Amino acid sequence: MTVQRLSEHSVKVQISADELRIFLPDEPQTPDSPQMLRMLSFMLAKAEAVSGIAFSALPVTVELLKNQDGGLAVYFSIQTNPQERHSAKPHTIRLAAQFAEPNMVRQCCILLKKEQESIRSSVLYKYQANWVLTMKLKQIRASAIHHILLEYGKPFRLSALNRARLAEYGVCIFGQDAVLQAASSEQL
């Protein structure tokens, strides 16, 4: 089991396929089974001990993603104040990730297709030796989309300078609906 602090409010815990079988020996694995709840409780305690974030004292969102190797990535994020969330105007969030291999872009986009309602726009560039996927998102599922991007790629900072570099030196592969096009594309 590995614990990685992603920010001051979120942690990623990964367990291998072998560890998952120890925690959840019975098939199928349902989200509300006693074994699953025990495993999540153990993982949350481990995440709190390693990261120093007081998850047990705060409302927490848990996201589970199956890894390709059969393991599991679990993201624990502190929820923001619901009153702040509802009183604030919904705004656009910009995220970007860079990928070393086109196959990783495609796999990421296949998962992102499920979040299409939250994606306002997406563009894919070939920049230097990498592929860079930029997105404008609705705030509502931005955290889940961010976790998917981190699972397959590395963060790409969308500063004004980096956006200018992409526009000038990058090759635009898909100028709109890049997530849908990359997910269904055979080759990038």
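Nothing here was measured: the structure is a model prediction, and the numbers come from that model.

Draft legend 1. Layout of the confidence of the model for the protein chain. The share of residues in the protein chain with pLDDT of 70 or more is 91%, and the mean pLDDT across the chain is 86. Put simply, helix α3 (residues 82-87) is where the protein chain has its lowest mean pLDDT, 47, and strand β6 (residues 119-127) is where it has its highest, 95. Counting interchain partners and residues more than four positions distant, the pLDDT-below-50 stretch residues 83-89 has two contacts.

Draft legend 2. Focus on the environment of Leu64. By the secondary structure assignment, Leu64 is in strand β3 (residues 60-66). Distance in space between the C-alpha atoms of Leu64 and Leu40 is 9.8 Å, their sequence separation being 24 residues. What Leu64 contacts, discounting residues up to four positions off in sequence, is Met36, Leu40, Leu72, Ala73 and Val74.

Draft legend 3. Structural view of the sheet that holds strand β4 (residues 72-78). Read across the open sheet, the four strands follow the order β1-β2-β4-β3; overall the sheet is antiparallel. Because the sheet does not close on itself, it has two edges, and the strands there are β1 (2-5) and β3. Along the sheet, successive strands turn relative to each other by an average axial angle of 20°, direction set aside. Bridge count for strand β2 (residues 10-15) against β4 is six bridges, and the pairing is antiparallel. Paired with Val11 across the strands is Phe76, a residue of β4. Helix-sheet contacts for helix α5 (residues 142-152) involve β2, β3 and β4, and the interaxial angle to β4 is about 140°.

Draft legend 4. Representation of the nonpolar core. Counting 26 residues, the largest nonpolar core has Phe99, Leu112, Leu124, Leu133, Met135 and Leu149 as the members making the most contacts within it. The dominant element in this core, judged by the number of residues it contributes, is α5, at five residues. In contact with Leu149, not counting residues within four places along its chain, are Leu95, Ala97, Phe99, Cys108, Leu112, Leu133 and Met135. Judged by nonpolar contacts, the second largest core, of 16 residues, contains Val11, Phe55, Leu72 and Ile78.

So, how was this worked out
- Residues numbered from 1 in each chain as written.
- Predicted model: local features only at pLDDT ≥ 70, side-chain atom pairs only at ≥ 80, totals over all residues.
- Heavy atoms only, no water.
- pLDDT = per-residue confidence, 0-100.
- Helix = DSSP H or I, 4+ residues; strand = E, 2+ residues; numbered from the N terminus.
- Contact = heavy atoms within 4.5 Å.
- Pairing = 2+ DSSP bridges.
- Axes fitted to C-alpha atoms, helices over the stretch in contact; angles between N-to-C directions.
- Core = buried A, V, L, I, M, F, W, Y, C linked by side-chain atoms within 4.5 Å.
- Buried < 20%, exposed > 50% of the residue type's maximum accessible area, 1.4 Å probe, protein only.

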